[in-house]
Structure formats: C-alpha cells, structure tokens
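What follows is each chain in one-letter form.
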Amino acid sequence: MAGLNDATRGRLLFGGDYNPEQWPPEVWQEDVRLMRDAGVTLATVGVFSWATLEPSPGARDFGWLDDVLGRLDEAGIGVCLATPTASPPPWLGARHPETLPRDEHGTVVWYGSRNQFCASSPVYREHAARITEDLARRYGRHPALRLWHVNNEYGTACYCDETARHFRSWLRDRYGTLQALNEAWGTAFWSQRYGTWDEIIPPRRAQYLINPTQVLDFRRFTSDALLECFVAERDIVAAHSPDVPVTTNFMPLFAGQDGWRWAAEEDVVSVDLYPDPAAAHDDATGPAHGALVQDLTRSQAGGPWMLMEQAASAVNWRPVNRPKPEGLMRQWSLQAVARGADAICFFQWRQSRQGSEKFHSAMLPHAGEHSRTFDQVRALGEELAGLTDVVGTTVTASVAVLHEWSAWWASGQPGRPSAALDYPAVLATWHQALWEQNLTTDFAHPEADLTGYRLVVVPQLYLLSDAALDNLTRYVRGGGTLVCGFFTGVADVDDRIREGGVDERLRRLLGIARVHEWWPLAEEERVGLSDGSHGTVWSEDLELADAADDSEDAGRAEVIAAYATGPLAGRPAVTRATAAGDVGAAWYVSTLPERPALRALLAEAARTAGATPVLPDAPAGCEAVRRGELLFLLNHLPEQITVPLQDPHTDLLSGQAHPTEVTLGRHGVAVLTPTPKGSRA
Ligand code: GLA
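Rules of the game
- Residues numbered from 1 in each chain as written.
- Predicted model: local features only at pLDDT ≥ 70, side-chain atom pairs only at ≥ 80, totals over all residues.
- Heavy atoms only, no water.
- Pairing = 2+ DSSP bridges.
- Helix = DSSP H or I, 4+ residues; strand = E, 2+ residues; numbered from the N terminus.
- Domains from an automatic or database assignment.
- Contact = heavy atoms within 4.5 Å.
- Buried area = accessible area lost by both parts, 1.4 Å probe.
- Salt bridge = Lys/Arg side-chain N within 4 Å of Asp/Glu carboxyl O.
- Buried < 20%, exposed > 50% of the residue type's maximum accessible area, 1.4 Å probe, protein only.
- Patch = residues over 30% accessible without salt bridge, like charges linked within 9 Å, V, L, I, M, F, W, Y side chains within 5 Å.
- Areas by Shrake-Rupley, 256 points an atom, 1.4 Å probe, with all protein chains shown as cover.
- Arc of directions from axis to C-beta.

A. Seen up close, the sheet that holds strand β5 (residues 246–247). Pairing within the open sheet is parallel, and its nine strands lie in the order β5-β4-β3-β2-β1-β9-β8-β7-β6. Edge strands, defined here as strands with exactly one partner in the open sheet, are β5 and β6 (249–250). With four bridges connecting them, strand β1 (residues 13–18) and strand β9 (residues 341–346) associate as parallel partners. Considered in β9, the bridge of G16 is made with F346.

B. Summary view of the domain arrangement of the protein. Looking at the protein, the domain boundaries give domain 1 (4–159 + 202–390), domain 2 (399–609) and domain 3 (622–674). Between the C-alpha centres of domain 1 and domain 2 the distance comes to 36 Å. Facing 29 residues of domain 1, the contacting portion of domain 2 comprises 28 residues. Roughly 2,400 Å² is buried in total at the junction of domain 1 and domain 2, and carbon and sulfur atoms are behind 64% of that figure. Broken down residue by residue, the surface that domain 1 buries against domain 2 is led by L216, L253 and W260, which jointly contribute 24%. For the interface between domain 1 and domain 2, the tally reads one salt bridge. Across the pair D442 and R298 runs a salt bridge, and its minimum N-O distance is 2.9 Å.

C. Main features of the environment of E604. Relative to the elements of secondary structure, E604 occurs in helix α18 (residues 595–609). Taking the C-alpha atoms as reference, E604 lies 31 Å from W305; in sequence the two are 299 residues apart.

D. Molecular detail of the side chain of Q310. As for its position among the elements, Q310 is in the loop between β8 (305–309) and α12 (328–338). Assessed through its relative accessible area of 3%, Q310 is described here as buried. Not counting the four nearest positions on each side in its chain, Q310 is found in contact with L273, Y274, K324, S333, I344, C345, F346 and F347.

E. A nonpolar patch on the surface, seen in detail. A grouping of F189, W190, Y208 and L209 is seen on the molecular surface, where their side chains present a nonpolar patch of about 460 Å² in accessible area. By secondary structure assignment, the location of Y208 is in the loop between α8 (178–185) and α9 (212–240). By relative accessible area, which is 56% here, Y208 ends up exposed.

F. Fine view of α8. Listed in full, the buried residues belonging to α8 are L178, L181, N182, A184 and W185. Looking straight down α8, one finds its buried side chains confined to an arc of 165°; they lie on one side. Buried residues in α8 make contact with α7 (161–175) and α9. Where α8 terminates, the next one or two residues include G186, which has phi positive at roughly 60°.

In structure tokens form, the structure reads like this:
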C-alpha cells in the first residue's frame, strides 16, 4: 500500500493549495518561479476546480491543467492533485436540485458558496465519480503526481428525503429488525415507536427534544455516508495510480467525522490547522491547540502525517483576524514537524484578489514577493529542506488520552445534567495539562491496545462500549495507571444509561460504590477542594466502596482530595484505587480541576506510573518533544528562556553547538541532535 513516504521521497514536503484557475497564464509563470525561489516541493492543485474542468454538463476542459501540471513538473515541483468534488458547479444544483443539501428545517442549502452537496444523492455521486474518473485517467500516471487529495474538509450534513432513505438502509444494516431499533432507541418513551421503516426520518426540526439515540445514530450515519463518498473516489483514483497515496484533509478536532474510522481508510492522514495568533501563549486556542490537533492526527495516522493547510499569517473567518508576528509561522510549522508531520503546507500559495477569502493570508501575499510574509516563507522552505534527518521518524508517547466520537456526540446533546459541559473543551484542558509539562501524549480509541502506555487518561467519555470497559479493566489489572475524569462510563453504545448509573466494571475498578447524583456547577462557578485547589464545570456526590470488601477485583479507593465548599463539602472529589494484588492504579477525578491543579494531579499520576516528561528540567513555556533521535525545543513565552541540557547537542537549524544549555528568544526553536562523543562542542 502506498504511504506518505512515497510522496515525501526523503524530504519534508513544503507547499500549499494552488488555485491557478483564478489567474491568467502569465501569473502561472511567475508562480512557478517564486515557488522555486521559496523551496516549494508540493502544490495542491484543483481543490475547487470543478466548474473550470466541467464548464457544462459532460464537457471537459483539461488544457489549462495539462499546462499547469507540465510547468510544475518541469520545475521539479510535486503535485497533490485534488478531486474537485467539494464544490459542485452551479449547473449541477440548477439542473438537479436533489443534489443540494437540506438543513434540519428542510431549507435548501444553495450554491453560491461551496460544499453544497448531499452525500446520499446518487446524482451527486454519479457526477463526482465521472469527473474523478476522467481526472484520474488523464493524470494518474503524470510524473509530477505525488499524492491524491479527495474532496475537501468533508462535513456537510443533510436531512433531505434521499438522505432519509439512505439513513433507513444504514439503520437496517445496524439493527436488522425494527424491534431491535425500537429497543435501541427506547421508543417506548413519548410514544415514538416505529411500525414501519418508512416512518423513520433524520432528526429534523421538531417540537421539543429529539430522541437522543436517533440523533446519535444520525451522526454516525452522516459520518459513514460522507465516508462512502470518500471511499468511492479513493478507489477510482487508486485504480489509475496504485502507487500514489490518497488523503482527504480533516478539520481540526472536528465533530462531523468519526476520525478513527476515516483515518483507517486513508493512505495519508492530513489535517488543516489554524491556531489563533492573538491567543496568549497559555491559552487553549494557541499553541496548545496546535499540539492537541497534531497529537491527534499523528495518532490517527499511526506515524508521520501531513499538515495540509495552515495560514502564513491571518485568516479571515474570526471576528478579528490578527496576523502572525514575525517568527510565529516558523515556530508553529516546526511544532508540527516536532509532533510528527512530514509535510508542511498552507492554504494557500497566492492570495486571492477576488472571492470570499481575499483577506485570508497566503504564502505569496498581495504585498508580493518583497514582503515580510514571503521572506519568512522562503526562509522556512530553506530550513525544512535541511531537516532530512527527521523524515519518516516517529514520536514515542508514554501517555495516551482516550477520545471517541460517539461519546462526544452523545454527551453533547441537550437534556443532560449541564449544557455547560463542553466535551472538546474538557479534552483540551486535560491535554494541555499534559502538554504543559512535556509529557508526550498519543490519543487512542478506548478499545485500542493500551499495553504500551504507562499512563492512560480519560478526560470524559460519557459513552463507553462493553469492549472499551473490558479494555480499561484489563489495562489496570495488567499494571497500568488510569486517570478517569467525571461523567464517564455512564451510557452504553445506544445511549442507554448503564445499570446503577455508572458501569459496574468501572465502579469496581475505581473503588466507587455509587454516584448518588451528578452535581454540575454553574458557569464560572468554582468549588473548593481540600488541597486548596478548585474544581469547575462539574461535581459528583460519590460514595466509596466498602473497604471491607476483599473480593479480588474490588478496587479500594483512598481520597486524594475532598470537596471543601458547597453542598458536597466533606465528600470525596478525587480518589485513587488499587485492588488486592494489583500493581496498577485507577484514579477518579469527579470535577474538572483548574489547570494548575490538574497538571499537578497528572504529574503525580505520571510519576508513580513511570511516565517521564521530555527534559524534566525545561522551564515553563518551553515545549520539548523528541522525534526519533532529535530533540525539538520551542519557546512559547514572550521573553527569552534558557533550557538546560543533559548532554551536548548541536542545533540543526543554526548549526550551533550547545554543550550545556540552549537560549531561545521569542518564538525561538531549536532542533537538537546529540553531539557525537569526542567531537568538539
Ligand atoms: C479551510 C479550507 C480552505 C480555506 C481555509 C481558510 O481549511 O479547506 O479551502 O477555506 O479553510 O482558512
């Protein structure tokens, strides 16, 4: 099977989305000259070219693309060729309105923007397959072709009648019989029982709360329906070029696709990433967000991955769009390399002069080649070209953060104990608490093999399958350390509350007899804990298991911190359990501690589990990651920092030797390789 190494060929890929159809051929000539100047090795072409390639139904205009790919090839620039199916031309919607998606209200989502297709529409699929087939037949053996890019940021949900038919057939596959569906959905509630398959519809606008399992299944279905579109196009392009890997770009920590299922279908996992340049260094939307998405993407890929899109400077879709100060684009690019990326690409190569994204930055901005942005792009291209040692190497993590999309979809619905519970925010807080102390983390599916990890953390998985619960039990019984966050293990895969409110296997592991009640906190409310720290978002009325229970699998919990204020004062808040004869431990954290407290708690769990931070002496604000033999150091503080080293190293970026320490200025980065013994440092 083709993989990312077939595209990189030993060099980090560097480039961006290239939309030549927005420009006359004179500009193409300049583009190629400047791409060479900037060290671009990969151009992603054709992402939104459908209307240019097929100006009227069945017509084909490949001449311009022949020309562009020929020019890129001559210049030695590789091509990531996109199927154009994310943005059907207006004629498709005008002639076949059934290809247009409908929202929950039944309102048509019109053309005039992009992504206006219904994944279940056979007419859309047929047209998408035809243009993909012709594109693949024509360019599948093109010498410049390095990678296929199918569609773009899949994610449009549709609620139309065609979708309803497709949803029913998906449900038939899942449940087999209507009786099984009625049981899984709990349709005895509110007289929702279905008597025929035809009565079932997507969760359209309704009078009040919609059946939660119907909503959950519709999210699973929507992800699968979009995935069918991807797989269909992937198979077409692969048939014409079996040695060329195929990807589709994810949005960062995106709710609309089951990222584990999708990644399994891709040769290369790629992501688009846009942290906020205006964020403070320790804000969740800044470099911590970058690290989270990079760790997740690497874990989905199971190795090197591709940063398909980032911004050279400002985006145009935040309320206020701040440019990246000098050095930040370089630092965030190298952060991605540190965390496993073998391709650093941008949206987009040349800044548009028209259309909705003309104020979105690009590698080549409106200000032209003599601009600060282009200077930085050129410098980055040169640096990345020198980092051949990193290509194909891996990042090894001793900590796993468990994450799963169904749990997100189920816990994010209305009608729960608290609307203030925000799954991705909880996940991000836990990841950031690990990231801030340079404990390298992977993400993992709760049913994945966890044996290689010293520490496994579950920030909050409301829904857990039986297989996942057995997996966690096996992990702890096998000597692992588990830290489990609040409101976890509550529902089964049908969103049916587990017997006793929390799964019994989990309660036994945690040494908890029962959770009497969920006790969510008001927004901005903090509850005091006995160690002087505070919890946010959530609290729980817990009762610990009887310490006298000496059955073999009964976890005995000690209270690490109790609630100190509010209605639960004196009751356990954070616990740690071990079972007789076990070496493993299972912590339970029934609130969301503020980040410094969560950091301290995780530091202690990691210490006892034997998970060690990269460079334990690194000062705060210094991100340290090991990739292969290389040690990446990044300074996220506004001021200069000095990082002590245990052994002499040489910085591959500056060429400088660092016998004992490295000093990094604002946005500074060092990529250190151990200095061979005997050589003069
Ligand atoms: C996404 C899309 C691009 C572009 C950028 C702008 O990532 O894939 O086409 O719209 O956003 O940030």
